[in-house]
Amino acid sequence: MSTTQTPTGTPPPSTERAGWWQRQTTTARVLAVAVPLLVVVLLVVVFFPRSPQPAETLPTTTGTSQRANACLGGSSDLNSAVQYAQANAPLTGTGAAEFLATYVRWSNGSPSPTVAEMEALLPRLVTSEALPGFLPLRGNQPSPRPVASASALGGSYRIDEATPTSATVSLVMSRTATFPGAAPTELTIWGSYTVAAVDGVWRLAGVPVRTDQAPIAARGQQFQGSC
């Protein structure tokens, strides 16, 4: 009986002649590629560190956005300006200062509010409890009326107290009055004003109280705006 012999020079079975790469599993192949790459990355990070990057540069701020805007409501139609300021001044100390600055411009500007305008607007601008103290102001209109303007330019304000429901703000503003045939008269308006939040807006909660002017100017902030 004859036996079959493998001829000399016959190639080995496929699993033996397959290269090393073909004999590896998929996981082994991935590791074989990933590990050397990781080593190269680590070497690059260690021996060639990135140059320090400058810190992010934030926009330069002047700080004026945090100051009270004395022009809230505009400078022409003061009857409209004081209502706009009341409706748009936020319920913060800064918002109270904005409302009060416009109120002072309205009540001391030119043309001064007429009795009819005061009767119409004061109940909206003043709390009902404080309103009796403001009504006598209707008769304080000089005759003849001067050409006058109140301005916050060069003036200051100081937030003495502020909560979401009330605030006390001291301010210093200027007023120029010119009577017919006379030279302009420069005056200073200052005092401590209290406001209360009513229906989501600030209202004056009392007539202004005369305070020491020097500390307001020394420790207060200057108003923003050209009014």
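The shown structure was predicted, so the numbers you read here are calculated from the model rather than taken from an experiment.

### Considerations on the sheet that holds strand β1 (residues 147-162)
Taken together, the 5 strands give an open sheet; going across it, the order is β4-β3-β2-β1-β5, and neighbouring strands pair in antiparallel fashion. Strand pairing shows two members of the sheet lacking a second neighbour, β4 (201-204) and β5 (221-222), which therefore form its edges. Relative to strand β2 (residues 166-178), β1 is paired through 11 bridges, and the arrangement is antiparallel. In the strand pairing of β2, A162 is matched with A167. Here helix α4 (residues 93-108) sits on the sheet in contact with β1, β2, β3 (185-198) and β4, set at roughly 30° to β2.

### A few points about the nonpolar core
In this structure, W106, L204 and F223 are the most contacted members of the largest nonpolar core, which totals 37 residues. For this core, the secondary structure elements donating two or more residues are α3 (78-88), α4, α5 (115-125), α6 (131-134), β1, β2, β3 and β4. Discounting residues that sit within four places of it in the chain, L204 has contacts with F99, L100, Y103, L125, V126, T127, A130, F134, Y193, T194 and V195.

Rules used throughout
- Residues numbered from 1 in each chain as written.
- Predicted model: local features only at pLDDT ≥ 70, side-chain atom pairs only at ≥ 80, totals over all residues.
- Heavy atoms only, no water.
- Pairing = 2+ DSSP bridges.
- Helix = DSSP H or I, 4+ residues; strand = E, 2+ residues; numbered from the N terminus.
- Contact = heavy atoms within 4.5 Å.
- Axes fitted to C-alpha atoms, helices over the stretch in contact; angles between N-to-C directions.
- Core = buried A, V, L, I, M, F, W, Y, C linked by side-chain atoms within 4.5 Å.
- Buried < 20%, exposed > 50% of the residue type's maximum accessible area, 1.4 Å probe, protein only.

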